[in-house]
Amino acid sequence: MDFEERRQQLLKGAYALEESVKFNESYKRSFFELVEEVILYLLQAQDVFFGQFMLRVRRTININLTIPIATIPNRENFNMYFNPFLFLNCSKKEMAALFKHEIYHIMNSHFEREKKLKNRFSKEAINVALDISINQYIRDLPSFSKRLSAINIEYNLSLEENRSIEEYAEKIYKSIKSRIKEGKFNKDDDSKYDIDKSK
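Residues numbered from 1 in each chain as written. Predicted model: local features only at pLDDT ≥ 70, side-chain atom pairs only at ≥ 80, totals over all residues. Heavy atoms only, no water.

To continue, consider the overall build of the chain. When helices and strands are counted, the chain shows 10 helices and three strands. Along its sequence from the N terminus, the chain presents helices and strands in the succession α-α-α-β-β-β-α-α-α-α-α-α-α. When the backbone C-alpha atoms are referred to their principal axes, the chain occupies close to 55 × 40 × 35 Å. When burial is assessed residue by residue, the chain has 42% of its 199 residues classed as buried. The long-range share in the chain, meaning contacts at least 24 apart out of those at least 6 apart in sequence, stands at 54%. Of the accessible surface of the chain, which amounts to about 12,200 Å², a share of 46% is contributed by carbon and sulfur atoms. Averaging the coordinates of the 33 positive side-chain charges in the chain and doing the same for the 30 negative ones gives two points 4 Å apart. (Helix = DSSP H or I, 4+ residues; strand = E, 2+ residues; numbered from the N terminus. Buried < 20%, exposed > 50% of the residue type's maximum accessible area, 1.4 Å probe, protein only. Contact = heavy atoms within 4.5 Å. Areas by Shrake-Rupley, 256 points an atom, 1.4 Å probe, with all protein chains shown as cover. Lys, Arg positive; Asp, Glu negative; His and termini not counted. Charge placed at Lys NZ, Arg CZ, Asp CG, Glu CD.)

And the structure:
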């Protein structure tokens, strides 16, 4: 059975499991065997650094994620969480690109930088800034990934490539505030965007 057939079978299997039943060990084993094949693909595609990095990352299934993958640092290592429903909708190249995305976050100390920015800008602005700061250097990302060109259109900005996260976050934050001020969002959206109106 080739990669594509296994991917589709695992996705079908995920939907077949009852919500009250956790992913069993057999499913987890098959799922992470597929993940390891993506890592092998990285190792063989002149992306050795990313492949070797992935070999050291602990991996767990978490169906509560709203994104395909999330990485959380701990004292000794990094834990990478996968939502099979979202991750298995990606091609092998897209999966490899998502691994690169997570690793770039780690390499660029985004966890620490996010903490420093959270008192200055909204969560939405920070998250978008973090993503576009690295996605512009990654090929084959899934269509839902945040790209500089799309963000410029969405927020009516002219952000340029290779700028700092701080610059991106500030300009996106100002755009969100101005749109709320102009009444383009409902009042309920204030909390969604974590807007501090005193700024």
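All right, on to the environment of Tyr 15 then. Looking at the element boundaries, Tyr 15 is found in helix H1 (residues 3-16). Classification of Tyr 15 as exposed rests on a relative accessible area of 55%. Separated by 162 residues in sequence, Tyr 15 and Lys 177 have C-alpha atoms that sit 40 Å apart.

Here we take up the sheet that holds strand E2 (residues 69-73). Strands in a sheet are paired, the pairing made by backbone hydrogen bonds, and the direction either parallel or antiparallel. Taken in spatial order, the three strands line up as E1-E3-E2 in an open sheet, and their pairing is mixed. The open sheet is flanked by strand E1 (58-61) and E2, the only strands paired with a single partner. With strand direction ignored, the average angle separating the axes of adjacent strands in the sheet is 25°. When E1 meets strand E3 (residues 78-82), the two strands line up parallel, connected through four bridges. Within E3, the residue paired with Ile 61 across the bridge is Phe 82. The strands touched by helix H2 (residues 25-44) are E1 and E3; relative to E1, the strand with the most contacts, the crossing angle is about 135°. (Pairing = 2+ DSSP bridges. Axes fitted to C-alpha atoms, helices over the stretch in contact; angles between N-to-C directions.)

This paragraph deals with the environment of Arg 179. Tracing the backbone shows Arg 179 in helix H9 (residues 165-181). Spatially, the C-alpha atoms of Arg 179 and Asn 24 are 46 Å apart, while their sequence positions differ by 155 residues. Polar contacts involving the side chain of Arg 179 include one to the main-chain carbonyl oxygen of Glu 154, which spans 3.0 Å. (Polar contact = N/O pair within 3.5 Å; in protein donor to acceptor, adjacent residues only side chain to side chain.)

Grouped together as the largest cluster of nonpolar side chains are 34 residues, with contacts concentrated most on Phe 31, Phe 82, Phe 87 and Phe 99. In contact with Phe 31, not counting residues within four places along its chain, are Leu 10, Ile 61, Phe 82, Pro 84, Phe 87 and Leu 88. Ranked by size, the runner-up nonpolar core spans 19 residues in total, among them Ala 125, Val 128, Ile 172 and Ile 176. (Core = buried A, V, L, I, M, F, W, Y, C linked by side-chain atoms within 4.5 Å.)

Positive phi is not limited to glycine here, since Ser 109 has a value of about 55°. Relative to the assigned elements, Ser 109 resides in the loop between helix H5 (92-107) and helix H6 (110-117). Residue Asn 156 is not a glycine yet carries a positive backbone phi of 55°. Relative to the elements of secondary structure, Asn 156 occurs in the loop between helix H8 (148-155) and H9. Under the relative-accessibility criterion, Asn 156 is labelled exposed at 72%.

Note that every value here comes from positions in space, so none of it alone points to a role or purpose.
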